[in-house]
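Here's the letter readout for the chains.
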Amino acid sequence: MKKLVILGSTGSIGTQTLDIVRGNPGRLEVMAIAAGSSVEMAEAQVREFHPVLAVLYDEKAAAALKEKVKDTPCRVLSGMDGLIEAASMPAADIVVGAMVGMIGIRPTIAAIEAGHDIAIANKETLVCAGHVIMPLAREKGVRILPVDSEHSAIFQSLRAGGHEEIEKILLTASGGPFRGKKIDEIRDMTAAAALKHPNWDMGPKVTIDSSTLVNKGLEVIEAHWLFDTPVDRIEVYIHPQSIVHSAVQYRDGAVIAQLGVPDMHLPIQYALFYPERVYLEEKRLDLFDTGSLTFERPDTGTFRGLSLAVRAADRGGNMPVIFNAANEAAVKRFLKGEISFLGIYELIEDAMDNVTFSEDPSVDEIFLTEKETTEYADAH
Ligand code: MG
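The following paragraphs examine the structure supplied in this document. All residue numbers here refer to positions counted from 1 along the written sequence of the relevant chain. In keeping with the predicted nature of the model, local features appear solely for residues at pLDDT of at least 70, side-chain atom pairs appear and are counted solely at 80 or more, and the whole-chain, interface and lining totals rest on all residues. Hydrogen atoms and water are omitted, and side-chain values are computed over all heavy atoms in the structure.

A separate point is the sheet that holds strand 11 (residues 255–259). Consider a sheet: its strands pair through backbone hydrogen bonds, and that pairing is either parallel or antiparallel. Paired strands are those between which DSSP finds at least two bridges. Per the convention used, a helix needs a DSSP run of H or I reaching at least four residues, while a strand needs a run of E reaching at least two, with both numbered from the N terminus. Across the sheet, four strands lie side by side as 9-8-10-11; this open sheet has mixed pairing. Both edges of this open sheet fall to strand 9 (234–238) and strand 11, since each of them pairs with a single strand only. The mean angle between the axes of side-by-side strands here comes to 20°, regardless of whether they run parallel or antiparallel. Summarising the sheet, strand 8 (residues 166–173) and strand 10 (residues 244–250) pair through four bridges and their orientation is antiparallel. Along strand 10, the bridge assignment pairs Ile166 with Tyr250. Comment: axis = line fitted to C-alpha atoms, over the contacting stretch for helices; angle = value between 0 and 180 degrees taken between N-to-C directions.

This next bit is on helix 6 (residues 123–140). Here a helix's expected span is defined as the number of its residues, less one, multiplied by 1.5 Å. With 18 residues, helix 6 should reach 26 Å at 1.5 Å per residue; the first-to-last C-alpha distance of 21 Å falls well below that figure. One axis is fitted to the seven residues ending at the residue and one to the seven starting there. The bend at that residue is the angle between these axes. The largest bend in helix 6 comes to about 100°, at Ala129. Buried within helix 6 are the following residues: Lys123, Glu124, Thr125, Leu126, Val127, Cys128, Ala129, Gly130, Ile133, Met134, Leu136 and Ala137. Buried means the residue's accessible area, taken with a 1.4 Å probe over protein chains only, is under 20% of the maximum for its type, while exposed means over 50%, and partly exposed covers the values in between.

A word on the coordination of the magnesium ion. Only N, O and S atoms count as donors, using a 2.8 Å limit from the metal and a wider 3.2 Å limit for Na, K and Ca, and since water is excluded some coordination spheres may look unfilled. In the first shell of the magnesium ion, the protein supplies Asp148 (OD), Glu150 (OE), Glu150 (OE) and Glu219 (OE), at 2.1 to 2.8 Å from the metal. Summarised as a motif, the one-chain spacing of the donors to the magnesium ion is D-x1-E-x68-E. In this pair, Asp148 is assigned in the loop between strand 7 (144–146) and helix 7 (149–157) and Glu219 in helix 11 (residues 214–226), connecting sequence segments 71 residues apart. No difference in accessibility class separates Asp148 from Glu219, as the two residues are buried.

With that settled, consider the side chain of Lys216. In this fold, Lys216 is placed in helix 11. Here Lys216 falls in the buried class, since its relative accessible area comes to 5%. A polar side-chain atom of Lys216 sits 2.7 Å from a polar atom in the side chain of Glu219. Distance and chemistry together define a polar contact, namely a pair of N or O atoms within 3.5 Å, with one atom able to donate a hydrogen and the other to accept it when in protein, and with adjacent residues in sequence counting only for side-chain atoms on both sides.

When charged atoms on two side chains of opposite charge get close, those side chains can pair. Salt bridges are counted wherever a side-chain nitrogen of Lys or Arg sits within 4 Å of a carboxyl oxygen of Asp or Glu. In the structure shown here, the tally under the stated rule is 26 salt bridges. Residue Asp19 is joined to Arg22 by a salt bridge in which the shortest nitrogen-to-oxygen separation is 2.8 Å. You can see Asp19 and its partner Arg22 sitting in helix 1 (residues 12–23), three residues apart, about one turn around the helix. Overall, the relative accessible area of 31% leaves Asp19 in the partly exposed class. Where Asp184 meets Arg187, a salt bridge forms, and the shortest distance between an N and an O atom there is 2.8 Å. Judged by relative accessible area, which is 37%, Arg187 ranks as partly exposed. Through salt bridges with shared partners, one network takes in Lys123, Asp148, Glu150, Lys216 and Glu219.

To pair, rings of Phe, Tyr and Trp, with the six-membered ring standing in for Trp, must have centres within 6.5 Å; the planes then decide the type, stacked if under 30 degrees apart, edge-to-face if over 60, and tilted in the middle. Overall, the coordinates contain six aromatic pairs when judged by the stated rule. When the centroid spacing of 5.1 Å and the interplanar angle of 75° are considered together, the rings of Phe178 and Phe341 count as edge-to-face. Residue Phe178 is found in the loop between strand 8 and helix 8 (183–186), and its partner Phe341 is found in helix 16 (residues 341–354); the two are separated by 163 residues along the sequence. Residue Phe178 shares its accessibility class with Phe341, and that shared class is buried. Centroid distance Phe341 to Tyr345: 6.2 Å. Interplanar angle 85°. Geometry classified as edge-to-face. Taken as a pair, Phe341 and Tyr345 lie in helix 16 at a separation of four residues, close to a single helical turn. Comparing Phe341 with Tyr345 shows no difference in burial state: the two are buried. Through a chain of ring-to-ring contacts, the aromatic side chains of Phe178, Phe334, Phe341 and Tyr345 assemble into a single cluster.

Quick look at the sheet that holds strand 7 now. With respect to topology, seven strands assemble into an open sheet ordered 4-3-2-1-5-6-7, the strand pairing being parallel. The open sheet has two edge strands with one neighbour each: strand 4 (75–78) and strand 7. Ignoring strand direction, the axes of neighbouring strands in this sheet form an average angle of 25°. Where strand 2 (residues 28–35) and strand 3 (residues 53–56) come together, four bridges link them in parallel fashion. Note that in strand 3 the partner of Ala32 across the bridge is Leu53. Contacts were defined at the residue level, with two residues in contact if any of their heavy atoms lie within 4.5 Å. In the packing of helix 2 (residues 39–49) onto the sheet, the strands contacted are strand 2 and strand 3, and the crossing angle to strand 2 comes to about 165°.

It is worth stressing that arrangement in space is one thing and function is another; only the former is reported here.
Pasting the structure below:
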């Protein structure tokens, strides 16, 4: 039995991770779940999966959950201390990092320090703290297993060759709901339009990030850390069908890709059982049905999320933190109708030009940068 801790158990990745647990009886055991504030969902998960610990970050929600599950032996905790306690439970084997945002950084570090493998879906953690996480994971002999579909595809394709044989990484992107649109057509796009993603069913933050290409920018930086590859060797391809999930080109010209239907269960399950491939009862890819697969260059002049991310990665230090935190603040304001779609880029760029830069930020400094950036982005 592999013992799991799921951070972000009520979100999109978390609930699909629990599908994998359900689909593999006797092989996976949930030791702890953690979420933000969804009392009802957390209660249902406690009753179905019997974790010994449940954490809700929100204190009031945790108190409500505690009351609801008092007939069970499950302990209930709250706040960052609760998340860290869940992440570092001695009995765990693997921690699924599926929280959205920088809140995942400290629990991920705690899990690595406890010697647990990490199945990482929380891209902000690597984007903002990759320079802390990756050396620490190497030092502790911990595996960082990607859960993001593209990074899982790269990870799977990397089994075909050695690290020194990689020529470049081909990272695919669906292009989001506004693909092909010109700048005048997207200027006044509403949150409702941006929330309609054509292929993937994801949370609202990731869906907006997909429409701006910020998500792809974060993924380029994530791939840079996960696969120890310079950003200029990671090339983004717009691939609207979302069938080729990403690929690796080797120095002899061979391109090895992973293909499949757009479904997160495979990358989640692959990370949980790596290096074993386990039967998965999901729809199979039918290439006769799929027909043609197309690829386009991203329109980085219009959808500047990608170019701003590359700029942040090239600068290094805390610049990816500024990029990410400014985007988080901007997306919140966009969803509230306070700024326009293009305003998201303007706010990110402004913050990158104005927030204090630092070369090699510690974890505390990462959060100071986040605070300064959020304050800047909320005030401009
Ligand atoms: Mg992705």
